[in-house]
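What follows is each chain in one-letter form.
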Amino acid sequence: MSSLRNAVQRRAHKERAQPKERKRFGLLEKHKDYVVRAKAFHKKEDYLQKLKEKAANRNPDEFYFKMINSKTVNGVHKSRGDSDKYTEEELLLMKTQDIGYILQKLQAEKKKIERLTATLHSLDSQPSNKHVYYAEDREDAKRILSETKSVGGLPAFEDLPESIKRKTDSSYRQLEDRKNRVQELEKVYNEMALKQELRKKGKKRKLREDEIVCPTSRPVYKWRTERKR
């Protein structure tokens, strides 16, 4: 009977729309919309009630060190003394480890570029070494031409299959991306190396633009000459 009940065509009941005199209130809220809104409202209400109970039952003598080691700035808690957490020697050691990691990644990328460049070949450029064959007549020329075709050489880039062309294009794009990554790593490495040198002991000053021999966009510093014992 259930199959026959489902086979009979039924009337599609449509939900009532907002009356014309109430169009200014927007869409008519359905029961499922009310359930979602009511759940969200009661969830917020319960959360506020729990916060009120915590505030009412809190211990006035309660103390923990975050009360004096942190402060509120624009409603956001920020810890005090994070900069004094490590000594100058510990900070310099961590900076050295960071710059060593960047240098390792830079060298690895350069090696990958060298291997990728060695495997890629310029297939669309013809080889420079060409052999010249001399034939005495047409028959001899046809024989020489057939022999050279049978021996063959490197095919041109246009004669390669589409799959090899796509792989070659992908390899060239990968090579270009790795070169860009090497430039970014070199820039980061130079900045970190400069910061590491500036953290070391010794009097130094930043040179003005008229004092720089080779103009550059990067800052140039000069250390005071000290006599070594």
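Residues numbered from 1 in each chain as written. Predicted model: local features only at pLDDT ≥ 70, side-chain atom pairs only at ≥ 80, totals over all residues. Heavy atoms only, no water.

Caption draft 1: Focus on the overall build of the chain. Helix and strand counts for the chain come out as 6 helices and 4 strands. In the chain, which comprises 229 residues, the share counted as buried stands at 11%. Within the chain, contacts between residues separated by at least 24 positions form 52% of all contacts whose residues are at least 6 apart in sequence. Of the roughly 21,900 Å² of accessible surface on the chain, a fraction of 52% belongs to carbon and sulfur atoms. (Helix = DSSP H or I, 4+ residues; strand = E, 2+ residues; numbered from the N terminus. Buried < 20%, exposed > 50% of the residue type's maximum accessible area, 1.4 Å probe, protein only. Contact = heavy atoms within 4.5 Å. Areas by Shrake-Rupley, 256 points an atom, 1.4 Å probe, with all protein chains shown as cover.)

Caption draft 2: View of the pattern of salt bridges. Following the criterion strictly, the structure yields 4 salt bridges and no others. Residues Arg 178 and Glu 109 are paired through a salt bridge, measuring 3.0 Å at the closest nitrogen-oxygen approach. Residue Arg 178 is located in helix α6 (residues 162-198), and its partner Glu 109 is located in helix α4 (residues 88-119); the two are separated by 69 residues in the primary sequence. According to the relative accessible area criterion, Arg 178 is buried, its value standing at 15%. A network of salt bridges, in which partner residues are shared, links Glu 109, Arg 178 and Arg 181. (Salt bridge = Lys/Arg side-chain N within 4 Å of Asp/Glu carboxyl O.)

Caption draft 3: A look at the pairing of strand β1 (residues 70-73). Of the strand pairs in this sheet, β1 and strand β2 (residues 76-79) are connected by 4 bridges, and their pairing is antiparallel. Note that in β2 the partner of Thr 72 across the bridge is His 77. Following β1, the chain reverses through 2 residues before pairing antiparallel with β2; Asn 74 in that reversal takes a positive phi of roughly 55°. (Pairing = 2+ DSSP bridges.)

Caption draft 4: Structural context of empty space enclosed by the protein. Enumeration over the complete set of coordinates arrives at 1 cavity of 30 Å³ or more. By volume, the largest cavity is sized at about 50 Å³. Lining of the largest cavity is provided by Lys 95, Ile 99, Met 192, Lys 195, Gln 196 and Arg 199. Listing elements by their share of the lining of the largest cavity, those giving two or more residues are α4 and α6. The element contributing the most residues to the lining of the largest cavity is α6, with 3 residues. A class-by-class count of the residues in the lining of the largest cavity yields 2 nonpolar, 1 polar and 3 charged. (1 Å grid on protein atoms, 1.4 Å probe; cavity = no way out; pocket = protein on both sides within 12 Å on 5 of 7 lines; lining within 4 Å. Points joined across faces, edges and corners; volume = space filled by probe spheres on them. Nonpolar A, V, L, I, M, F, W, Y, C, P; charged D, E, K, R; others polar.)

Caption draft 5: The nonpolar core, seen in detail. Counting 8 residues, the largest nonpolar core consists of Ile 102, Leu 106, Ile 113, Leu 116, Leu 120, Leu 175, Val 182 and Leu 185. Counting residues per element, the ones that place at least two in this core are α4 and α6. Top element by residues in this core is α4. It accounts for 4 residues. Beyond its immediate sequence surroundings of up to four residues, Leu 116 is in contact with Ser 171, Gln 174 and Leu 175. (Core = buried A, V, L, I, M, F, W, Y, C linked by side-chain atoms within 4.5 Å.)

Caption draft 6: Geometry of a positive patch on the surface. On the surface, Lys 105, Lys 111, Lys 112 and Arg 115 cluster together to form a positively charged patch. Position of Lys 112 relative to the elements: it lies in helix α4. (Patch = residues over 30% accessible without salt bridge, like charges linked within 9 Å, V, L, I, M, F, W, Y side chains within 5 Å. Lys, Arg positive; Asp, Glu negative; His and termini not counted. Charge placed at Lys NZ, Arg CZ, Asp CG, Glu CD.)

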